[in-house]
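Residue-level structure breakdown
One letter stands for each residue in the lines below.
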Amino acid sequence: MDVSERYRQAWEGYWRAASDAPGEVIWDVDPSLSAVPHSELLLPYADASLPVVDLGCGNGTQTRYLATRFARAVGVDLSHAAIEHARRADTGKTVEFEQLDLVDGDAVRALRDRIGDTNVYMRAVIHQSEPQDRPAVARAVAELLGERGRAFVAELTPASKTVLQQAASGPDGPPPKLRRVFDHGLKPAGATDEEVPSLLRAAGLTILATGDTALPQTETMPDGTRMDLPARWFVLARM
């Protein structure tokens, strides 16, 4: 099973059109706003001597930070173009980056066989995946953890749609970074409040801790404030 060709091409097109400039991609925030606080939530439950895999790593900004907190860091993304961005940005060669379709169970198992039990970091992947693919994404997290790994997963909630609508309500329509997301056919905040925890449990994952948060963006609202999208985070183990 693989993602649809439409979905794959949407992401390839998005990343091919993006530059290497830090923050040009709407979710490419400084790690101090993302991977740093997320690591503080995960590490009390995780063995940092195990690797960490960043699922949906994009251009690798968060993955490079994770490499400073875990013994080994691997960043994977559906888009070849995203992986090319990530490799160019990783001038210190601290991370292993590779293309991976999380819906391809054989490919996910092959990664797990290579690296063994691993921790997982996944920020905002389920909510924008096509509905039929979301269970497979959750199963990929469980597959990679094995017995010893722990995961940090953060997903946008439906309340984010209200923020996105407010951002798009200015006289000029959506601001540029958000417009690029829409122009490439990507659909943020597509999952319901109960869908994400239900998917995680159905994949064989136990929720060790959870809470409400916001995922900061590099775009601003019409009033000039930073766009912060409501989200929920989970620390997970395999049952």
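Presented here is an overview of the structure given in this document. If you're wondering where the values come from, they're calculated on a predicted model, not measured in any experiment.

So, about the pairing of strand β2 (residues 73-77). Counting buried positions along β2 gives five out of five residues, so the element sits mostly inside the fold. Where burial is concerned, the two faces of β2 agree: the one with A73, G75 and D77 and the one with V74 and V76 are both buried. Pairing analysis gives four bridges linking β2 to strand β3 (residues 96-99), with the strands arranged parallel. When the bridges of β3 are listed, G75 appears paired with F97. Note on the crossover from β2 through helix α4 (residues 80-89) to β3: the handedness is right-handed.

Turning to helix α6 (residues 134-145), a few remarks are in order. Between its first and last C-alpha, α6 extends 17 Å over twelve residues, near the 16 Å set by a 1.5 Å rise per residue. The buried fraction of α6 amounts to nine of the twelve residues, a majority that puts the element mostly inside the structure. Along α6, the residues classified as buried are R134, A136, V137, A138, A140, V141, A142, L144 and L145. Downstream of α6 by a residue or two, G146 has a phi angle that is positive, lying close to 60 degrees.

Glancing now at the nonpolar core. L55, M122 and M227 are the most contacted members of the largest nonpolar core, which totals 77 residues. Setting aside residues up to four positions removed in sequence, M227 forms contacts with I26, V163, L164, A167, L178, L215, P216, Q217, E219, T220 and M221.

If you walk through the whole model with that rule in mind, you get 13 salt bridges. E98 serves as the salt-bridge partner of R114, at 2.8 Å between the closest nitrogen and oxygen. Of the two residues, R114 sits in helix α5 (residues 105-115) while E98 sits in strand β3, which places them 16 residues apart along the sequence. In this structure, D228 and R226 form a salt bridge, with 2.8 Å as the shortest nitrogen-oxygen distance.

A few words on the packing of α6 against helix α9 (residues 195-202). Running from amino to carboxyl end, α6 crosses α9 at an angle of 55 degrees, the nearest separation of the two axes being 8 Å. With respect to each other, α6 and α9 are oriented oblique. The two elements α6 and α9 cross, and the hand of that crossing is right-handed. For the pair formed by α6 and α9, the contact residues are R134, P135 and A138 on the first element and E195, L199 and L200 on the second.

We now examine the sheet that holds strand β1 (residues 52-55). The pairing of strands in a sheet comes from backbone hydrogen bonds and takes either a parallel or an antiparallel form. Read from one edge of the open sheet, seven strands run β3-β2-β1-β4-β5-β7-β6, paired in mixed fashion. The strands lining the two open edges of the sheet, one partner per strand, are β3 and β6 (205-220). Ignoring which end each strand starts from, the neighbouring axes of this sheet average 20 degrees apart. Pairing of β1 with strand β4 (residues 119-123) involves four bridges; the strand directions are parallel. Its bridge partner lying in β4, V53 is registered against V120. Docked against the sheet, α4 engages β2 and β3, running at close to 165 degrees with respect to β3.

The next subject is the pairing of β4. Residues in a regular strand point their side chains to alternate faces of the sheet. Counted residue by residue, β4 has five buried out of five residues, so it is predominantly covered. Burial along β4 is two-sided: N119, Y121 and R123 and V120 and M122, pointing in opposite directions, are all buried. For β4 and strand β5 (residues 151-156), the ladder comprises four bridges, and the chain directions are parallel. Looking at the pairing, R123 lines up with A154 of β5. Between the parallel elements β4 and β5, the chain passes through α6 in a crossover that is right-handed.

Conventions and cut-offs
- Residues numbered from 1 in each chain as written.
- Predicted model: local features only at pLDDT ≥ 70, side-chain atom pairs only at ≥ 80, totals over all residues.
- Heavy atoms only, no water.
- Buried < 20%, exposed > 50% of the residue type's maximum accessible area, 1.4 Å probe, protein only.
- Helix = DSSP H or I, 4+ residues; strand = E, 2+ residues; numbered from the N terminus.
- Pairing = 2+ DSSP bridges.
- Right-handed = clockwise from strand over helix to strand, strands pointing away.
- Expected span 1.5 Å × (residues − 1).
- Core = buried A, V, L, I, M, F, W, Y, C linked by side-chain atoms within 4.5 Å.
- Contact = heavy atoms within 4.5 Å.
- Salt bridge = Lys/Arg side-chain N within 4 Å of Asp/Glu carboxyl O.
- Axes fitted to C-alpha atoms, helices over the stretch in contact; angles between N-to-C directions.
- Parallel < 35°, antiparallel > 145°, perpendicular 65-115°, else oblique.
- Left-handed = near helix turned anticlockwise from the far one by under 90°.

The quantities given are spatial measurements derived from coordinates; they are silent on function.
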